[in-house]
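Notes for the structure review
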Amino acid sequence: MGRDAKSLLRKFHEAKWDEQIIFEMSVPGERGILVRQAESKVRKEVGNELAVIPAALRRKDSPKLPEINQMRVLRHFMHLSQETLGTDVTIDISEGTCTMKYSPKVQEHLAARHPGIKDIHPLQPPETIQGLLEIIYKLEQFLKEISGMDRFSFQPSGGAQAVYTAASIMRAYHASRNDTERTETITTMFSHPCDAAGPATAGYKVITIMPDEEGYADLEAFKAALSKHTAGIFITNPEDTGIYNPRIDEFVKAAHEVGALCYYDQANANGMLGIARAREAGFDMCHFNLHKTFSIPHGSMGGAVGALGCTAGLAKFLPIPQVKFDGKRYRLDYDCPQSIGKVRSFMGNTQSLLKAYSWIMQHGAEGLRETAVCSVLNNNYMLKKLSEIPGVVVPYAHGKRRLEQVRYSWEKLKQDTGVGTDDVLRRMADFGLQHYWTSHHPWVVPEPFTLEPCESYSKDDIDEYVAVLRQISKEAYDNPEFVKHAPYNSVVHKVINSSINEPERIAVTWRQYLKKRGLQKPMSSLRK
Amino acid sequence: MRSERRLTMARTERSSARESHSVFPYIPNSVPEVKAEMLREVGAHDEMELYVEIPKRLRFKRKLHLPAPILDESSLRKHVEYLLERNQNCKDYLNFLGAGCAEHFVPAVCDEINGRGEFLTAYVGESYADHGKWQAFFEYCSLMGELLDMDVLSCPLYDGAQAAASSIRMASRINDRKEVLMPHTMNPEISSAVRNYIKPDITVKEVTYDKTTGLLDLEDLESKISNKTAAVLIENPSYLGVLESQAVEIGKIARGKNAEFIVYVDPICLGVLAPPAQYGATITCGDFHPLGMHMYAGGGQGGFIATDDEMKYISQFKDLMFGITDTVERGEYGFGEVLFDRTSYGSREKGNEFTGTSTGIWAITVAVYLSLMGPKGMAETGRTIMQMSQYAAKQLSKVRGVKLKLRSPFFKEFVINFDKTGKTVARINNALLKHKIIGGKDLSKEFPELGQSALYCVTETKTMDDIQNLVNAFKEVM
């Protein structure tokens, strides 16, 4: 057997174990693991250790956890892992805006296994974690250079948390100037939803600027929205369309003129490393997603790091503690009276910082630039190939180069065949590719799909990916019903009504499922 | 120790040797011939033509000032190991720090599963290709639901601090009230994050505590609770380790004012201690770090929130929820998104707070841990922790000048006071380091009213010999 060299398509079938839910495997009496017992002398001296527990706080019923032998637990989760298409096993060009790059194994092994990180308590005295603090400090210096910002905090443990932290800093900044009128923030529709939701959580009213006919954020509408009430702007560039806004500095200048602060969501920075920086565009703050641009694995939705950078004037508001270096020793500085405090306990996802540090150390300035260039080259190559596929539309910015990703549309395919983007994305799995990312909501681009062939993917990888989309397009024109009922070679078949909004259908736990299906009486509870 | 200087020199030689022809193993199209072919294909004469959309004024004009790269994997490994070996780790040292992150036993199967590339490198894929990930999340919620005796959990949060903060925001949205009552003894890491997160509209009122028992002052609670109170939040066990024996009454007082009763719980205790739902909690939250993660200098944290099966709660969760459902194939389990429009992914600024990438790989690890442990493993772990910590407290308080500060039962952590030794905790901890012991958390700044006190943490990982070593060191240091 071999792949068809001409069509590049695989005869794929994902692992399908028809796996039970873990509770269905329980055999009363089985043990998955034995745990350490205290020494007999200890037990003797302590006596009944449970006697001290007040009656109301004593657990009377055992938790209804399953009882399963170790090998079966291992096998179960191995099966579930095989029923998951991580980037390690597929050409993950699919998840546009997410920069699914290769996470080098050497850094993973060091971070996961070395006792110098694995077995460190976060509150250890600084003199016992000089190596770790050096890594954090140096990573900060790297990101300062890459962005042009003056200081960084690694406490935010996701991009959205970085945005939220920035909104908190804006609030503290304006309060420090007794400027109480600033109640609004502005973002653009093609910026990530967190650029709206983060500031809203911090108490701001959010104004969203829609794109103009060519997909650019509308500068005139933006200027009209600015006022003495504007606390700050939160903007992605390139936006999720992959279109670079060449007037970005005019947005920043206009915002600064009304006294607002400017935040650059650099989740989409992969194509700009060493090419363009937040500093030159005039921004006051920015963040990088270390799980995107700097190779930390995405971990089935985290742990992540939203590395938050700011200019010198805002540094006093950053979360505590901050890592300082006196030329000889590294220390943790908690003495920051104007700090917003903590956003994440301890120092954040420190093992992830080690991975990002290692990745930058393996690339240097040239490697970072090569990363950017190859990601943009890959994207423009793919754009050309995909434009030739029947049914694909490339909205906006005609004749312009895109940076690291493109938001495409199957609008024409839908009109011609009735097959929409949700149908095509399900069919992807039948060829061993991850379902692509459509778009954040609302869908401004009809029938959207967003692809990002970052630097990790070879020309061959891209050609294979394009071949699959070409095949699905062909199938849609030949036999639309076939595509609409996909997938066929994935783990499970098409879900009936995958949006679950009715109370009687909501079952996010096994006990809720049993209850709602009438399979078992609800667990007795002592409350109320 | 390896010589870092030697490594640096070697690195410089290597990079200059390769300068003319850099092909990066993680960047396949850095092969010059391939790159040239692709540039031709897209009609660009050179690389910078790809960037025509970035005006010259916005371009970065020089080369980044970064260290010369360590291009080969072997040298990179040496370099990082050199840095990590400068840390004193808790395998070589005997550690008694807790305060929100503690050494617990990690079964090998947990590391095996969270190291699987399929899980480790997956992200937001749909439930077909990523069915296994969705099922693992469903099982995480289901297993935690049994441990907590509650029906509903969402995908995980960043950490316990975020879980506490979001629980308060949920409560405030449910009853449209803007005050929260929290104990003065709250973990300062959590308290700090909460105070920032609930700005600008919700305010904290602190409830005092009894300095001899560590328990909440109920009179103070009753004087501060009102019809403005969105929620009463307690930690149980508390930050200072004690079991809040008045939890039932506190819950009654809270619910008597129609406020939510939020309990922040250390889930490792739930084999022996009642889940908060059974003593009246309407929202349970916490950090699941003890359930299968190494410490990773604080990188192993992850938050959870749990409630009953009522729409007034379900509709207020901020993070994604995966529900089990049917596929077109009879008898096959499938998964779907539950109330997606609740989230900021669905509704941007109109969603509940904000959601995003959090701690998925740890949630999967928790599922593995609880599956291995089962009811007996959780009960036995809880018992071992209680035995070892009670034993340790007893032995330590026999040392002259050292005493247990709070007269209350505790779980895992307890406050040791050194006032009578005439020494500060800082000085004692410095001296302990010379014995390769990392002493308990110094409380003298956070809780000056407790004098020179430290929070000691003793888990199931500690042996009788470990305690004896600590006692011996105490005797020498005092």
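Residues numbered from 1 in each chain as written. Chains lettered and ligands numbered in written order. Predicted model: local features only at pLDDT ≥ 70, side-chain atom pairs only at ≥ 80, totals over all residues.

**Comments concerning the overall build of chain B**
Within chain B one finds 15 helices and 15 strands. In terms of its C-alpha atoms, chain B occupies a principal-axis envelope of roughly 80 × 60 × 50 Å. Per-residue burial for chain B yields a buried fraction of 64% across its 478 residues. (Helix = DSSP H or I, 4+ residues; strand = E, 2+ residues; numbered from the N terminus. Buried ≥ 20, exposed ≤ 12 C-beta atoms within 10 Å, placed from the backbone.)

**As for the overall build of chain A**
The secondary structure content of chain A amounts to 15 helices and 12 strands. Relative to the 2.2 N^0.38 estimate, which gives 24 Å for 528 residues, the radius of gyration of chain A is 26 Å and therefore close to what a compact globule would have. In terms of principal-axis extent, the alpha carbons of chain A reach across some 80 × 65 × 50 Å. Within chain A, counting contacts between residues at least 6 apart in sequence, those at least 24 apart form 74% of the total. (Rg over C-alpha atoms; globule rule 2.2 N^0.38 Å. Contact = placed C-beta atoms within 7 Å.)

**Considering the interface of chain A and chain B**
Contacts between chain A and chain B engage 187 residues on the former and 186 residues on the latter. Among the elements that take part in the side of chain A that touches chain B, helix 10 (residues 350-387) of chain A stands out by supplying 24 residues, more than any other. Of the residues that constitute the side of chain A that touches chain B, the class distribution is 88 nonpolar, 61 polar and 38 charged. Two elements, strand 12 (residues 499-500) of chain A and strand 10 (residues 333-338) of chain B, share 2 bridges in a ladder whose sense is parallel. Bridging from a neighbouring strand, Ser499 of chain A pairs with Glu337 of chain B of strand 10 of chain B. (Nonpolar A, V, L, I, M, F, W, Y, C, P; charged D, E, K, R; others polar. Pairing = 2+ DSSP bridges.)

**Considering the domain arrangement of chain B**
Split into domains, chain B comes out as domain 1 (4-81), domain 2 (94-101 + 376-477) and domain 3 (108-370). Domain 1 of chain B and domain 3 of chain B are separated by 44 Å when their C-alpha centres are compared. (Domains from an automatic or database assignment.)

**Re helix 13 (residues 360-396) of chain B**
Residue and element names in this part refer to chain B. If you check helix 13, its first and last C-alpha atoms are just 40 Å apart, much less than what 37 residues at 1.5 Å a residue would give, namely 54 Å. At Gly374, helix 13 is bent by approximately 95°, the largest bend along its length, and proline Pro375 sits one to four residues beyond. For helix 13, the buried fraction is high: 33 of the 37 residues fall into the buried class. (Expected span 1.5 Å × (residues − 1). Bend = angle between axes of the 7 residues up to and from the residue.)

**Observations regarding the domain arrangement of chain A**
In terms of domains, chain A is made up of domain 1 (22-79) and domain 2 (123-348). Summarising the inter-unit geometry, the C-alpha centres of domain 1 of chain A and domain 2 of chain A are found 45 Å apart.

**Focus: the confidence of the model for chain A**
Scored by pLDDT, chain A has a mean of 96; 98% of the residues are at 70 or more. Segment residues 521-528 of chain A is flagged for pLDDT under 50; beyond a separation of four residues in sequence, or across chains, it makes 10 contacts in the model. (pLDDT = per-residue confidence, 0-100.)

**Re the sheet that holds strand 8 (residues 303-307) of chain B**
Backbone-to-backbone hydrogen bonds join strands into a sheet, with any given pair of strands oriented parallel or antiparallel. All names here are of chain B. Read across the sheet, 7 strands follow the order 2-8-7-6-5-3-4 without closing on themselves; strand pairing throughout is mixed. The open sheet has two edge strands with one neighbour each: strand 2 (152-153) and strand 4 (203-207). Strand direction decides the pairing type here: strand 3 (residues 179-183) and strand 5 (residues 229-235), joined by 3 bridges, are parallel. Residue pairing across strands places Val180 opposite Ala231, the latter belonging to strand 5.

**Some details on the pairing of strand 3 of chain B**
All names here are of chain B. Strand 3 sits mainly inside the fold: 5 of its 5 residues count as buried. As defined by bridge partners, strand 3 adjoins strand 4 across 5 bridges and the pair is classed as parallel. Bridged to Glu179 within strand 4 is Thr203. In this fold, the crossover linking strand 3 to strand 4 by way of helix 8 (residues 188-197) has right-handed handedness. (Right-handed = clockwise from strand over helix to strand, strands pointing away.)

**Brief notes about the packing of helix 10 of chain A against helix 3 (residues 73-84) of chain B**
The interhelical angle for the contact between helix 10 of chain A and helix 3 of chain B, taken along N-to-C directions, is 140°, at an axis separation of 11 Å. The angle between the axes of helix 10 of chain A and helix 3 of chain B places the two elements in the oblique class. Classified by chirality, the crossing of helix 3 of chain B by helix 10 of chain A is right-handed. When helix 10 of chain A is examined against helix 3 of chain B, the residues Leu354, Ser358, Met361 and Gln362 of chain A are found in contact with a partner set consisting of Leu76, His79 and Val80 of chain B. A per-class count over the contact of helix 10 of chain A with helix 3 of chain B returns 4 nonpolar, 3 polar and no charged. (Axes fitted to C-alpha atoms, helices over the stretch in contact; angles between N-to-C directions. Parallel < 35°, antiparallel > 145°, perpendicular 65-115°, else oblique. Left-handed = near helix turned anticlockwise from the far one by under 90°.)

**Description of the nonpolar core**
All names here are of chain B. Residues Ile168 and Ile262 are the most contacted members of the largest nonpolar core, which totals 323 residues. Looking at which element gives the most residues to this core, the answer is helix 13, with 19 residues. Non-local contacts of Ile168, meaning those with residues more than four positions away in its chain, are made with Val180, Val194, Ile198, Ile202, Ala230, Ala231, Leu233 and Ile262. (Core = buried A, V, L, I, M, F, W, Y, C linked by C-beta atoms within 7 Å.)

**Examining the sheet that holds strand 11 (residues 403-404) of chain B**
Residue and element names in this part refer to chain B. Spatial strand order, 11-12-15-14: 4 strands in an open sheet with antiparallel pairing. Strands at the two margins of the open sheet, each flanked by one partner only, are strand 11 and strand 14 (441-442). Relative to strand 15 (residues 453-457), strand 14 runs antiparallel, the two sharing 2 bridges. Each bridged residue has a counterpart across the sheet, and for Lys441 the counterpart in strand 15 is Leu455.

**Examining the pairing of strand 9 (residues 322-326) of chain B**
The buried fraction of strand 9 of chain B amounts to 4 of the 5 residues, a majority that puts the element mostly inside the structure. Taking the residues between adjacent antiparallel strands as the criterion, strand 9 of chain B and strand 10 of chain B are bridged by 6 residues, where Gly331 of chain B takes a positive phi near 85°.

**Regarding the packing of helix 10 of chain A against helix 13 (residues 459-478) of chain A**
Residues and elements named next belong to chain A. For the pair helix 10 and helix 13, the least separation of the axes is 10 Å and the interaxial angle reads 30°. Between helix 10 and helix 13, the angle falls in the class roughly parallel. Taken as a pair, helix 10 and helix 13 cross one another with a handedness that is right-handed. Taken together, the residues of helix 13 that come into contact with helix 10 (itself represented by Asn378, Tyr381, Met382, Lys385 and Leu386) are Ile462, Val466 and Leu469. Residue composition of the contact of helix 10 with helix 13, by class: 6 nonpolar, 1 polar and 1 charged.

**Let's talk about helix 8 of chain B**
Since the α-helix packs 3.6 residues into each turn, any two residues three or four apart lie on the same face. With 8 of 10 residues buried, helix 8 of chain B is to be regarded as a mostly interior element. Burial in helix 8 of chain B covers these residues: Glu189, Ile190, Ser191, Ser192, Ala193, Val194, Asn196 and Tyr197 of chain B. Buried residues along helix 8 of chain B sit in contact with helix 6 (159-176) of chain A together with helix 7 (160-175) and strand 3 of chain B.

**Here we look at the confidence of the model for chain B**
Residues and elements named next belong to chain B. For chain B, per-residue confidence averages 95 on the pLDDT scale, and residues scoring 70 or more make up 96% of the total. Predicted confidence for residues 5-20 stays below pLDDT 50, and this span has 15 contacts to residues more than four positions away or in other chains. Reported confidence for the predicted complex is 0.97 by ipTM and 0.97 by pTM.

**Remarks on unusual backbone geometry**
Residue and element names in this part refer to chain A. The omega torsion of the bond from Asn237 to Pro238 falls at -5°, within 30 degrees of zero and hence cis. Looking at where Pro238 falls in the secondary structure, it is placed in the loop between strand 4 (230-236) and helix 9 (248-257). Between Ala486 and the following residue, Pro487, the backbone shows a cis peptide bond with an omega angle of 5°. Note that Pro487 resides in the loop between helix 14 (480-484) and strand 12. One non-glycine residue, Asn178, lies in positive phi territory at about 55°. Residue placement: Asn178 occurs in the loop between helix 6 and strand 2 (184-188).

**Description of the environment of Gln395 of chain B**
All names here are of chain B. Inspection of the secondary structure assignment puts Gln395 in helix 13. Residues Gln395 and Thr185, 210 residues apart in the sequence, show an inter-C-alpha distance of 25 Å. In contact with Gln395, other than residues within four places in its own chain, are Ile467 and Val471.

**Digging into the environment of Ala315 of chain A**
Mapping Ala315 of chain A onto the fold places it in the loop between strand 7 (306-310) and strand 8 (322-325). Residues Ala315 of chain A and Glu108 of chain A lie 207 residues apart in sequence; the distance between their C-alpha atoms is 31 Å.

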